[in-house]
Amino acid sequence: MHIETDVVHGGQHPDKSTGALSPPIYQTSTFVFRDADHGARLFKGEEKGYIYTRISNPTIELLARKIALLESAEAGLVFSSGLAAIFNVIVAVVRSGENVVSDDTIYGGTFTLFKNVLPRLGIDVVFVDASKTEDLTAAVNEQTRLLFIETPANPTLKIIDIAKCVEVARASNLPLCVDNTFATPYLQRPIELGVDIVVHSATKYFGGHGDIIGGVAVGRQDFIDTLWKGAKDIGASISPFNAWLILRGLKTLAVRMDRHCHNALKIAEFLSQHDKVEKVYYPGLKSHPGHETAKKQMSAFGGMIGFDVKGGKEAGKTLMNSVKLCALAVSLGDVDTLIEHPGSMTHSGYSEEELLECGIKPGFVRLSIGLEHLDDIVEDLKQALDKI
Ligand SMILES: Cc1ncc(COP(=O)(O)O)c(C=O)c1O
């Protein structure tokens, strides 16, 4: 089936006992055993069944299956947040004394997890510019257990050639994990390019409506089995209701992404022409250094835009304080257009030097383009830019 059909039907069937078309929400902590031996058999793994929602739950499993299908993966596991998914992947693969090689431009929360939390567990993260294949190769050493990239990357929309990273991963016999949050499987499917693990903040385009936090990891069945063994004891499970809201959000992923992409390209073009704007970062623009690679590995360019405002941070603040329709808020992938300043907000865990090394200038503003009418978003940005 086409992905437009899979987002609606994939993995889902009417409920066997009632015929309900929408899947039931198994909003329960625990599941009653038939008798004591049944409970013991489930715990020993001698029989399949449900025990406790931290361990497994039918609504959450349905979501995992659906996202795995959309990503062309064998299996998936859903978590309470995107960061929980990333943390669980790391600790499933990397031990104390070993390291991860990561691209330097990643979501700020992932960066602080990598920079501050993992070293306390004895896990080092080596940051490189993974768009330079030689640098990625050179960073790998005897202790490396995982390669990690985001593409398009948060917040600069840097594009990394996934196929080239797969070559490096294969040559060094390491798994490659791609955070596919910005693209979604509607626009980009890393597993089909040879990637081993894909992670998402389901909080974003999957949920789509800005009302839940969730995360997911997909990959080969044996890897997901290992991941589940650790995850059930770490305990970052999503609530069944939130899993259901993501299932509902996924049904409109394709139509939403089409509108996000359409609006974003037009707004990127509008901003590129504006005299208060120094530079626009959008992979759909020919001027973007990753445009050709994005064309190769994505079917369209997504709903996220970055831009440098002339006049630096103060000008950026004036702009953000002047918008009326756009919401001054972090997060992304919502129906609402959101605007934020990564340097002081999502990416405030980066030092000033680290921000500059990743090309995040003081006046860099990030936009998550929503589903409002294009002209209304443009008008709002126009009036706010006029205030600078
Ligand atoms: C690319 C990316 N990955 C991961 C995350 C973390 O996801 P969550 O906020 O659901 O933990 C985010 C959050 O903004 C993100 O933008």
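Just so it is clear, the model here is predicted, and its values are computed rather than measured. (Residues numbered from 1 in each chain as written. Predicted model: local features only at pLDDT ≥ 70, side-chain atom pairs only at ≥ 80, totals over all residues.)

**Q** So what about the pairing of strand S9 (residues 304-309)? Which residues, and what values?
**A** The element S9 is extensively covered by neighbouring structure, given that six of its six residues are classed as buried. Across the two faces of S9 the burial is the same, with Met304, Gly306 and Asp308 and Ile305, Phe307 and Val309 all buried. Bridge count between strand S8 (residues 277-281) and S9: four bridges; the pairing is antiparallel. Directly across from valine 277, in S9, lies its bridge partner valine 309. By the bridge criterion, five bridges tie S9 to strand S12 (residues 364-368) in an arrangement that is antiparallel. In the sheet register, glycine 306 faces S12, and the bridge partner there is arginine 366. (Buried ≥ 20, exposed ≤ 12 C-beta atoms within 10 Å, placed from the backbone. Helix = DSSP H or I, 4+ residues; strand = E, 2+ residues; numbered from the N terminus. Pairing = 2+ DSSP bridges.)

**Q** Provide a residue-level description of the domain arrangement of the chain, including the pertinent values.
**A** In terms of domain boundaries, the chain breaks down into domain 1 (58-238) and domain 2 (253-386). Each of domain 1 and domain 2 was reduced to a C-alpha centroid, and the two centroids are 24 Å apart. Each side of the interface is counted separately: domain 1 has 28 residues, and domain 2 has 34 residues. Of all elements in the fold, only helix H5 (108-117) and helix H8 (184-187) reach the threshold of two or more residues within the side of domain 1 that touches domain 2. Considering only residue class, the side of domain 1 that touches domain 2 consists of 14 nonpolar, ten polar and four charged. (Domains from an automatic or database assignment. Contact = placed C-beta atoms within 7 Å. Nonpolar A, V, L, I, M, F, W, Y, C, P; charged D, E, K, R; others polar.)

**Q** Tell me about helix H4 (residues 82-93), and please be specific about residues and values.
**A** Between the first and last C-alpha of H4 there are 17 Å, a value that for twelve residues agrees with the 16 Å anticipated at 1.5 Å per step. When H4 is considered as a whole, its buried residues turn out to be Gly82, Leu83, Ala84, Ala85, Ile86, Phe87, Asn88, Val89, Ile90, Ala92 and Val93. (Expected span 1.5 Å × (residues − 1).)

**Q** Could you give an account of the site of the ligand, naming the residues involved and the relevant values?
**A** Taken together, 15 residues are adjacent to the ligand, and Ser81, Gly82, Leu83, Tyr107 and Ser201 come closest. Listed by contribution, the elements that provide at least two residues to the shell around the ligand are H4 and H5. (Near = placed C-beta within 6 Å.)

**Q** An account of the nonpolar core is requested, with residue identities and associated values reported.
**A** Among the nonpolar cores identified, the biggest contains 118 residues, and Val89, Ile90, Val216 and Ile305 are the most heavily contacted of them. Broken down by element, this core gets its largest block of residues, nine residues, from H4. When residues are assigned to domains, this core turns out to be shared by domain 1 (58-238) and domain 2 (253-386), each giving three or more. Once you skip the residues sitting within four places of it in the chain, isoleucine 305 turns out to touch Ala264, Ile267, Ala268, Val280, Tyr281, Tyr282, Leu367 and Ile369. (Core = buried A, V, L, I, M, F, W, Y, C linked by C-beta atoms within 7 Å.)

**Q** Describe the sheet that holds strand S7 (residues 215-219), with residues and values.
**A** Spatial strand order, S1-S7-S6-S5-S4-S2-S3: seven strands in an open sheet with mixed pairing. This sheet does not close on itself; its edge strands, each paired only once, are strand S1 (75-79) and strand S3 (124-128). Sheet twist, expressed as the mean angle between neighbouring strand axes with direction ignored, is 20°. Note that S1 and S7 share five bridges and pair antiparallel. Across the sheet, residue glycine 76 finds its bridge partner in S7, namely valine 218. Taken strand by strand, helix H9 (residues 221-234) contacts S1, strand S6 (197-201) and S7, and its axis lies near 25° from that of S1. (Axes fitted to C-alpha atoms, helices over the stretch in contact; angles between N-to-C directions.)

**Q** Break down unusual backbone geometry for me, citing the residues and quoting the values.
**A** Cis geometry is adopted by the peptide bond preceding proline 152, which originates at threonine 151 and carries an omega value of -10°. Inspection of the secondary structure puts proline 152 in the loop between strand S4 (144-150) and helix H7 (162-171). The omega torsion across asparagine 154 and proline 155 is 5°, close enough to zero to call that bond cis. Looking at the secondary structure, you find proline 155 in the loop between S4 and H7. In this structure, threonine 184 takes a positive phi of about 70° despite not being glycine.

**Q** Outline the packing of H4 against H9, listing residues and values.
**A** Where H4 contacts H9, the two axes come as close as 9 Å, and the packing angle between them is 120°. Regarding H4 and H9, the two cross each other, and that crossing is right-handed. Residues Asn88, Val89, Val91 and Ala92 of H4 touch H9, and the partners they reach there are Thr226, Leu227, Gly230, Ala231 and Ile234. (Left-handed = near helix turned anticlockwise from the far one by under 90°.)

**Q** Help me get a handle on the packing of helix H3 (residues 58-70) against helix H10 (residues 240-250), residues and values and all.
**A** Helix-helix packing is described using two parameters, namely the angle between the two axes and the distance between the axes. Between H3 and H10, the least distance of the axes is 8 Å, while the angle of their chain directions is 35°. Relative to H10, the crossing made by H3 is left-handed. Here Thr59, Ile60, Leu62, Leu63 and Lys66 of H3 come into contact with H10, specifically with Pro240, Ala243, Trp244, Ile246, Leu247 and Leu250. A class-by-class count of the residues in the contact of H3 with H10 yields nine nonpolar, one polar and one charged.

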